[in-house]
Amino acid sequence: MQITFLGIGLMGGPMVRRLLAAGHRVTVWNRNHDKAAALAEAGAVPVAAPAEAVAGADMVISMLADGPVVGQLVAAALPALAPGTLWVDMSSTRQAEAQQFHAQLGAAGVRFLDAPVSGGVGGAQAGTLAIMAGGAAADFALAEPVLAAMGRATLVGPAGSGQVAKLCNQLIVGATLNVVAEALLLAQAAGADPAAVRAAIRGGFAESKILDVHGQRMLERNFVAGGQVKTQIKDMHNILAAAGAAGVTLPLSELVTRRYESIETAYPQADHSAALLALEAINPGQRVGSGPDRLG
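Parameters and conventions
Residues numbered from 1 in each chain as written. Predicted model: local features only at pLDDT ≥ 70, side-chain atom pairs only at ≥ 80, totals over all residues. Heavy atoms only, no water. Helix = DSSP H or I, 4+ residues; strand = E, 2+ residues; numbered from the N terminus. Expected span 1.5 Å × (residues − 1). Buried < 20%, exposed > 50% of the residue type's maximum accessible area, 1.4 Å probe, protein only. Contact = heavy atoms within 4.5 Å. Core = buried A, V, L, I, M, F, W, Y, C linked by side-chain atoms within 4.5 Å. Axes fitted to C-alpha atoms, helices over the stretch in contact; angles between N-to-C directions. Parallel < 35°, antiparallel > 145°, perpendicular 65-115°, else oblique. Nonpolar A, V, L, I, M, F, W, Y, C, P; charged D, E, K, R; others polar. Left-handed = near helix turned anticlockwise from the far one by under 90°. Phe/Tyr/Trp six-rings, centres within 6.5 Å; stacked < 30°, edge-to-face > 60°.

Digging into helix α11 (residues 229–246)
- Along its 18 residues, α11 runs 26 Å from first to last C-alpha, staying within 8% of the 26 Å computed at 1.5 Å per residue.
- Taken together, the buried positions of α11 are occupied by Val229, Gln232, Ile233, Lys234, Asp235, Met236, Asn238, Ile239 and Ala243.
- Elements that come into contact with the buried residues of α11 comprise α8 (161–189) and α12 (251–261).
- Backbone geometry just after α11 places Gly247 at a positive phi near 75 degrees.

What to know about the nonpolar core
- Core analysis: the biggest nonpolar cluster contains 33 residues, and Phe5, Ile61, Val88 and Met90 have the highest contact counts within it.
- Elements with a minimum of two residues in this core: β1 (2–6), α1 (12–21), β2 (25–29), β4 (59–62), β5 (86–89), β8 (129–134) and α7 (137–147).
- Excluding anything up to four places from it in sequence, Met90 contacts Met15, Ile61, Ser62, Met63, Ala115, Pro116, Val117, Ile131, Leu147 and Met150.
- Counting residues in hydrophobic clusters, the runner-up holds 27 residues, among them Leu167, Leu184, Val256 and Ala275.

Details of the environment of Ala200
- Inspection of the secondary structure puts Ala200 in helix α9 (residues 194–201).
- Overall, the relative accessible area of 64% leaves Ala200 in the exposed class.
- Taking the C-alpha atoms as reference points, Ala200 and Ala38, separated by 162 residues in sequence, lie 44 Å from one another.

Notes on the packing of helix α4 (residues 67–77) against helix α5 (residues 95–106)
- Where α4 contacts α5, the axes come no closer than 10 Å and their chain directions differ by 5 degrees. Taken together, the axes of α4 and α5 lie roughly parallel to each other. Residues Gly67, Pro68, Val70, Gly71, Val74 and Ala75 of α4 form the contact with α5, whose own contacting residues are Glu97, Phe101, Gln104 and Leu105.
- A class-by-class count of the residues in the contact of α4 with α5 yields six nonpolar, three polar and one charged.

Quick word on the packing of α8 against helix α10 (residues 209–220)
- Relative orientation of the contacting elements α8 and α10 amounts to 50 degrees, with a least axis distance of 10 Å. Taken together, α8 and α10 sit at an angle that is classed as oblique. The handedness of the crossing between α8 and α10 is right-handed. Listed contacts from α10 to Ile172, Val173, Thr176, Leu177, Val180, Ala181 and Leu184 of α8 are Ile210, Leu211, His214, Gly215, Met218 and Leu219.
- By residue class, the composition of the contact of α8 with α10 is ten nonpolar, three polar and no charged.

So, unusual backbone geometry
- One non-glycine residue, Arg221, adopts positive backbone phi at about 55 degrees.
- Among the secondary structure elements, Arg221 is positioned in the loop between α10 and α11.
- Relative accessible area serves as the criterion here: at 1%, Arg221 is assigned to the buried category.

A few points about the packing of aromatic side chains
- On inspection of all chains with the given rule, the structure shows one aromatic pair.
- Ring centres of Phe101 and Phe112 lie 6.3 Å apart, and the angle between their planes is 70 degrees; this geometry places the pair in the edge-to-face category. Linking Phe101 in helix α5 with Phe112 in strand β6 (residues 111–114), this pair joins segments that are eleven residues apart in sequence. Take Phe101 and Phe112: they sit in the same class, and that class is buried.

As for α10
- Over its twelve residues, α10 runs 16 Å from end to end, which matches the ideal 16 Å to within 8%, given 1.5 Å per residue.
- Burial in α10 covers these residues: Ile210, Leu211, His214, Gly215, Arg217, Met218 and Leu219.
- For α10, the secondary structure elements touched by its buried residues are α8, α9 and α13 (275–281).
- Directly beyond the C-terminal end of α10, a positive phi value near 55 degrees is found at Arg221.

Listed below in structure tokens is the structure:
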């Protein structure tokens, strides 16, 4: 199968390397061509234009910044796409945007899955991403062996459902990051050792990947980006938009959104574990740990 991958960023680069390691032929495109060209040594074929990249592709995978950027690429690539091509968008977009791409591509005979991911850069490098797919069962069956090189894929419903699943994931991630920050700050302020408290509660009902990975980040004050604050804010806005469209109120998500928005200007590219910095800002004189902040 000839695969074209659009978008070579923090996630796209290691995802392409996983595909190449699995033996797939991959053509790559990125707005900054140097990032695509850097994958030539791994066996990818970099090209300069989206239409050139998708010509002759059996599957197109996109991993882009947001829905509007995906829309631009779909429009640019559409004239060069052959009927029957499968487009798998692994970006994080709004449900309505994914449904729009599905309709737009479907009108030209091109199949579509929305398949956003969770697991961050580490998951992309290890090939252990959680991949949440929305679309037709037959299209998912075609894509699944390819997606398996990057992680574990699950079909969660029709087109747009993958984005709903990703938003549910990000809702839990964003809220839990803030709760872990509160727990560590409370431990510190109340006279306990926050590192020891974290160790004590691991293995109990409070155990989570976020307590494990991001709890340690907070203790070390390591806010070098994996998932960025600006990306978490985009996801929170998409969560609230989906909630509005579904007619439900999500008060905790609204609060978490405001917490991240409070550091949007100061720390847009920091890791989303910088929720701790937002919490410390409203608690003057309170700080977890004694080391300097690592931001880049």
